[in-house]
Amino acid sequence: APAVLVKKGGKLWLIPVLALLTAIAVAASVLFWPKSDEDKIRERIDDFSAACSDMDMEGMIDCMDSKTRKQFDAMMGLTDGLLGGIIGMDLPYTDMAMLFGFDSYEDIEVDFRINAIEISGDTAKVEVTMLDGNKTEEDTLVMCEEKGEWYIDFTEMTGGIQLF
C-alpha cells in the first residue's frame, strides 16, 4: 500500500499512519489467520484437561475421536437402558460417571503439560506430563484429525480395543 504523507504545519504525519496500518494488519492476521495443527492439538489437550478437572464427562468425551465417542455412546446407552429399566428413569453422563467410580476424583485438579508434538499426516503423538494432585505421570496421547479438527484417539492408545 502506498504511504500517505500528510503535511501539517511543516511536520510529516507518516509515523502515526504507518502505526495505524500496522495495527490493522496485525488485528486482521489474528482474526483471519487459520490455526496451525499444533495450535488445534494444544487447544484440544487444554479442553480435555479442563474437562477432567471439572469431572465433565461430556466434555471429556467431546475431546475424543468419533470411534471412541460412538463406543461411549453405545456403552452408556446400554448401561442407561438397563438401569433405566430398573429404576425407571434416564441417567445423565454425570450420574453414569458416579456409577463407574469417576466421582472419587472430584476434588483433584488435573493438568496436562505438553512436552512434544509429533504430527504425521492425520495422526499425532503428543508427549505429556499429567499432574494429578500430588502424582506426576508421563504419557503419550495419540491424536487423529477428523474434518480439520484434532481429537484424542483412545482406540489407538488402547491397542484398538473394540467394545463390540
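Residue positions are counted from 1 within each chain, in the order its sequence is given. Only residues with pLDDT of at least 70 get local features here, since the model is predicted, and only at 80 or more are side-chain atom pairs given and counted; chain-wide, interface and lining totals rely on the full set of residues. With hydrogens and water stripped out, all remaining heavy atoms of the structure feed into the side-chain values.

(A) Geometry of the overall build of the protein chain. Segments assigned H or I by DSSP are reported as helices when at least four residues long, segments assigned E as strands when at least two residues long, and all are numbered from the N terminus. The helix and strand tally for the protein chain stands at six helices and six strands. The secondary structure elements of the protein chain, listed N-terminal to C-terminal, are β-β-α-α-α-α-α-β-β-β-β-α. Per-residue accessibility, obtained with a 1.4 Å probe over protein chains only, is compared with the maximum for each type, and a residue is labelled buried under 20%, exposed over 50%, and partly exposed between these values. Here the protein chain holds 164 residues, and the buried ones make up 27% of them. Throughout, a residue-residue contact means that at least one pair of heavy atoms, one from each residue, lies within 4.5 Å. Across the protein chain, contacts joining residues at least 24 apart in sequence account for 44% of those joining residues at least 6 apart. Areas reported as accessible are Shrake-Rupley estimates using a 1.4 Å probe. Residue values count occlusion only from the protein chains shown. Accessible surface computed for the protein chain: about 11000 Å², of which carbon and sulfur atoms make up 58%.

(B) Expanded view of the environment of Ser49. Locating Ser49 in the fold gives a position in helix H2 (residues 37-53). Separated by 81 residues in the primary sequence, Ser49 and Met130 have C-alpha atoms spaced 9.0 Å apart. In this structure Ser49 touches Val110, Asp111 and Phe112, once residues within four positions along its chain are discounted.

(C) Spotlight on the sheet that holds strand S4 (residues 123-132). The strand order across the open sheet formed by four strands is S3-S4-S5-S6, and the pairing between neighbours is antiparallel. In the strand order of this sheet, the two ends are held by strand S3 (110-120) and strand S6 (149-152), each with one partner. In this sheet, neighbouring strand axes are inclined to one another by 30° on average, regardless of whether the strands run parallel or antiparallel. As paired elements, S4 and strand S5 (residues 135-146) share ten bridges and run antiparallel to each other. Two strands are said to pair when DSSP picks up at least two bridges between them. The axes used here are C-alpha line fits, helices contributing only the stretch in contact, and every angle between their N-to-C directions lies in the interval 0 to 180 degrees.

(D) Quick look at the nonpolar core. Formed by 22 residues in total, the largest nonpolar core has its most connected members in Ile41, Ile45, Phe48, Met60, Phe112, Val126 and Met143. Listed by contribution, the elements that provide at least two residues to this core are H2, helix H3 (57-62), S3, S4, S5 and S6. If one sorts the elements of this core by residue count, H2 sits on top with five residues. Among buried residues, those of type Ala, Val, Leu, Ile, Met, Phe, Trp, Tyr and Cys that are joined through side-chain atoms within 4.5 Å constitute a nonpolar core.

(E) Examining the environment of Lys67 more closely. Note that Lys67 resides in helix H4 (residues 66-87). Overall, the relative accessible area of 42% leaves Lys67 in the partly exposed class. Separated by 87 residues in sequence, Lys67 and Phe154 have C-alpha atoms that sit 8.6 Å apart.

(F) Here's a closer look at the side chain of Thr129. Among the secondary structure elements, Thr129 is positioned in strand S4. Using a relative accessible area of 10% as the deciding quantity, one classes Thr129 as buried. Those residues in contact with Thr129 that lie beyond four places of it in its chain are Asp111, Phe112, Arg113, Asn115, Thr136, Glu137 and Glu138.

(G) Fine view of unusual backbone geometry. One non-glycine residue, Lys147, adopts positive backbone phi at about 55°. By the secondary structure assignment, Lys147 is in the loop between S5 and S6.

(H) The arrangement of the pattern of salt bridges in detail. By definition, a salt bridge exists where a carboxyl oxygen of Asp or Glu is found within 4 Å of a side-chain nitrogen of Lys or Arg. Counted by the stated rule, this structure contains six salt bridges. The closest approach of N and O atoms between Lys35 and Glu43, which form a salt bridge, is 2.8 Å. Classification of Glu43 by relative accessible area gives partly exposed; the value is 36%.

(I) Inspection of the pairing of S5 at higher detail. Between S4 and S5, which pair antiparallel and follow one another directly, the connecting turn spans two residues, one of which, Gly133, has a positive phi of 65°. As defined by bridge partners, S5 adjoins S6 across four bridges and the pair is classed as antiparallel. Among the inter-strand pairings, Met143 is bridged to a residue of S6, identified as Ile152. Between the antiparallel neighbours S5 and S6 lie two residues, among them Lys147 with a positive phi of about 55°.

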